[in-house]
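# Residue-level structural notes
One letter stands for each residue in the lines below.
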Amino acid sequence: MRKLASSALAALLLLPLAAAAQTAWPAKPIRMLVGSPPGGPSDIVTRLFAEHLSQRLKQPVTVENRPGVGNSLAAGVVAKGEADGYTLVVSPDTVVTVNPLVYTKLNFDARTELVNVSILAHFTQMLVCGAGKNIQTVADLVARAKATRMNYASGGPGVPGHLAAEMFLQSADVTMQHIPYRGPAPATLAVLSGEADCGFLATPTVLPHVKAGKLSALAVSSREPSPLAPEVPTLAKALNQPTLDVSFKLVLQAARGTPAPVVAELERAAVDIMKKPEVRARLQASDLVSIGGSSQEAEAVMKAETARWEPVVKRLEIKAD
């Protein structure tokens, strides 16, 4: 009995130590993955967030680009990794809402194997055509598409540019052939060279070419005009459909099963960092809107966006390996 009592007492004395060990996060550097090449919306947001997260947590936070499979390559690494909060990913919402339906050979399920920690920002797409196409407005494009066969470029099946284009085509009641490329850079080059007629692409990517006169900007996909190009009309205004809003979210994610205190600390960090005036200003300069919010809010938004895009994906029968 005395031996059992001693063991119980020892166990009780060790409980605070065990609790302290569980809450001693972060005790080492954190790695953040990005599923797209450098320079795009995901990369811009991740690097800015990582910079401030490192200052807040007093630990190095490194950023690693793992482009491929519609941003799912990076997300899969996190989903299949240790659920300890030391490997994170920032993904566009399409990784959760669309990719499970599009990519037939994914080795993970983003809907069940990732926890959506916080929506860091949202971004939109800009509809552009090659300057040599002599298409200056959405009305010009709709008229041309009804009169002749046209195509558009995107960074791949199911990516935001693909979805925005299909939403536009449905709203305008026209058809165009989709040409998927391996990422936004080759898609932009295709429009610049005339290989593709048009494309919905991230504003920071195409705006320098618009200002140089190499691309014509027809519309932005958000409900509000772009602060970088306020003269470019919104798609909602161009089509006279006031409720039309085709914007996308960038979500901070961790492996499902990450300890609740770690998720809560990351959530608090996201809210605080994304509300900083300097963060908001730097993102606005890249046509990104800073958000930050709770995990509960992020999970609810992902469910709503999934319900929004699933019928589109199924109607178009979008599939990729």
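Residues numbered from 1 in each chain as written. Predicted model: local features only at pLDDT ≥ 70, side-chain atom pairs only at ≥ 80, totals over all residues. Heavy atoms only, no water.

## Describing the sheet that holds strand 9 (residues 215–220)
A sheet is described by the order of its strands in space; here 5 strands give the open sequence 7-6-8-5-9, paired in mixed fashion. Two strands close off the open sheet at either side, each with one partner strand: strand 7 (177–180) and strand 9. Along the sheet, successive strands turn relative to each other by an average axial angle of 30 degrees, direction set aside. Here 5 bridges tie strand 5 (residues 125–130) to strand 9, and the two strands are oriented antiparallel to one another. In the sheet register, leucine 127 faces strand 9, and the bridge partner there is alanine 219. On top of the sheet, helix 9 (residues 184–193) reaches strand 5, strand 6 (151–154), strand 8 (198–202) and strand 9; it is set at about 140 degrees to strand 8, its chief contact. (Pairing = 2+ DSSP bridges. Helix = DSSP H or I, 4+ residues; strand = E, 2+ residues; numbered from the N terminus. Axes fitted to C-alpha atoms, helices over the stretch in contact; angles between N-to-C directions. Contact = heavy atoms within 4.5 Å.)

## Some details on the packing of aromatic side chains
Two aromatic rings are characterised by how far apart their centres lie and by the angle between their planes. Counting across every chain of the model gives 4 aromatic pairs. On the basis of an interplanar angle of 15 degrees and a centroid distance of 5.8 Å, the ring pair of phenylalanine 248 and tryptophan 309 is categorised as stacked. Here tryptophan 309 lies in helix 14 (residues 295–316) and phenylalanine 248 lies in strand 10 (residues 248–255), a separation of 61 residues in the sequence. Overall, phenylalanine 248 belongs to the buried group, its relative accessible area being 0%. Through successive ring pairs, a cluster of aromatic residues spans Phe123, Phe248 and Trp309. The ring of tyrosine 86 carries the charged tip of lysine 28 above its face, separated from the ring centre by 4.7 Å. (Phe/Tyr/Trp six-rings, centres within 6.5 Å; stacked < 30°, edge-to-face > 60°. Buried < 20%, exposed > 50% of the residue type's maximum accessible area, 1.4 Å probe, protein only. Lys NZ or Arg CZ within 6 Å of the ring centre and 35° of its normal.)

## A closer look at the state of the cysteines
Inspection of the entire model under this criterion finds 1 disulfide. The disulfide partner of cysteine 129 is cysteine 198, and the S-S distance across this bridge is 2.1 Å. Looking along the S-S bond of the cysteine 129-cysteine 198 disulfide, the torsion reads about 95 degrees, which is the right-handed sense. Taken together, the residues span a long stretch of sequence, with cysteine 129 in strand 5 and cysteine 198 in strand 8 at a distance of 69 residues. This pair shows no difference in class: cysteine 129 is buried, exactly as cysteine 198 is. (Disulfide = S-S within 2.5 Å.)

## Description of the confidence of the model for the protein
Summing up the model confidence of the protein, the mean pLDDT is 92 and the portion of residues at 70 or higher is 93%. This model gives residues 15–21 a pLDDT under 50, and the stretch forms 0 contacts once residues within four places in sequence are excluded. (pLDDT = per-residue confidence, 0-100.)

## Things to note about helix 7 (residues 138–147)
For helix 7, the full list of buried residues reads Val138, Leu141, Val142 and Ala145. An end-on view of helix 7 places all buried positions within 100 degrees of arc, on one side of the element. Helix 7 presents Ala139 and Ala147 as exposed residues on the side facing more than 90 degrees away from its buried surface. Where helix 7 is buried, its residues meet strand 5, helix 8 (160–172), strand 8, strand 9 and helix 11 (235–238). (Arc of directions from axis to C-beta.)

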